[in-house]
Amino acid sequence: MSKAIYPGSFDPITLGHLDIIRRIHPLFQELTVVVANAQRKQYLFSLDERVALIRENVGDLPGLRIEPWDGLIVDFASRGNARVIVRGLRAISDFEYEFAMANINRRLKGSLETMIVFTKPEYSFVASNMVKEVALHGGDLSSLVPPNVAVALSNKFPRSTGR
Ligand code: ADP
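Residues numbered from 1 in each chain as written. Predicted model: local features only at pLDDT ≥ 70, side-chain atom pairs only at ≥ 80, totals over all residues. Heavy atoms only, no water.

A. Fine view of the pairing of strand S2 (residues 30-36). Of all 7 residues in S2, 6 are buried; the element is thus mostly enclosed. Taken together, the 6 bridges between strand S1 (residues 3-8) and S2 define a ladder with parallel strand orientation. Looking at S2, one finds that isoleucine 5 is bridged to threonine 32. For the crossover from S1 across helix H1 (residues 15-24) to S2, the handedness is right-handed. Pairing of S2 with strand S3 (residues 64-69), which is carried by 6 bridges, proceeds in the parallel orientation. Note on S3: the bridge partner recorded for leucine 31 is leucine 64. Note on the crossover from S2 through helix H2 (residues 47-58) to S3: the handedness is right-handed. (Buried < 20%, exposed > 50% of the residue type's maximum accessible area, 1.4 Å probe, protein only. Helix = DSSP H or I, 4+ residues; strand = E, 2+ residues; numbered from the N terminus. Pairing = 2+ DSSP bridges. Right-handed = clockwise from strand over helix to strand, strands pointing away.)

Encoded structure:
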């Protein structure tokens, strides 16, 4: 058993992300969900909002931390002595990006292992960007995100009356 990190944008967290967190949490002594805050990226939710939306769902899991980070993932891992980066894979379309990331991270820090966890089929099409699109058009979010995220999204995209 060792320490692992699960990095991502989580803009916002979806049922797919939460499923991965709940499945990998028992496998490690300590798991940190690392919420990326890259300067060059535009997020719908602020860092504090993204962290809070995660915490409200899984904040009570023992040994689970939720931390922001705006640097290299390998540096975060080194600071906390994490040995494993966990990433989720939904479909072949995710593969090239995840493979490149894993290899870059290995080049930067050879002792850090990337573990890929396959999504459950019911979440294979669930992506934060898709969810935002559904929210923008007032679609049903209940099978895509937890209730707190559905509320937060509808606050971001209030539907105009008469539609
Ligand atoms: P990033 O910007 O780093 O890709 P995301 O928040 O989009 O951040 O995703 C974080 C991680 O979670 C990635 O490894 C991504 O492939 C994975 N992931 C995203 N959605 C799902 C899902 N529905 N099922 C499983 N893994 C997922």
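B. Focus on the site of the ligand. Neighbouring the ligand are 16 residues, the closest being Tyr6, Ser9, Gly88, Tyr123 and Val126. Between a nitrogen atom of the ligand and a main-chain N or O atom of valine 126, the distance comes to 2.8 Å. Expressed as a share of its isolated accessible area of 550 Å², the protein-covered part of the ligand is 89%. Among the secondary structure elements, those contributing two or more residues to the shell around the ligand are S1, H1 and strand S4 (84-89). For the shell around the ligand, the per-class residue count stands at 6 nonpolar, 6 polar and 4 charged. (Near = heavy atom within 4 Å. Polar contact = N/O pair within 3.5 Å; in protein donor to acceptor, adjacent residues only side chain to side chain. Areas by Shrake-Rupley, 256 points an atom, 1.4 Å probe, with all protein chains shown as cover. Nonpolar A, V, L, I, M, F, W, Y, C, P; charged D, E, K, R; others polar.)

C. Seen up close, the environment of methionine 130. Here methionine 130 shows up in helix H5 (residues 128-136). Its relative accessible area of 55% is what places methionine 130 among the exposed residues. Separated by 14 residues in the primary sequence, methionine 130 and leucine 144 place their C-alpha atoms 9.4 Å from one another.

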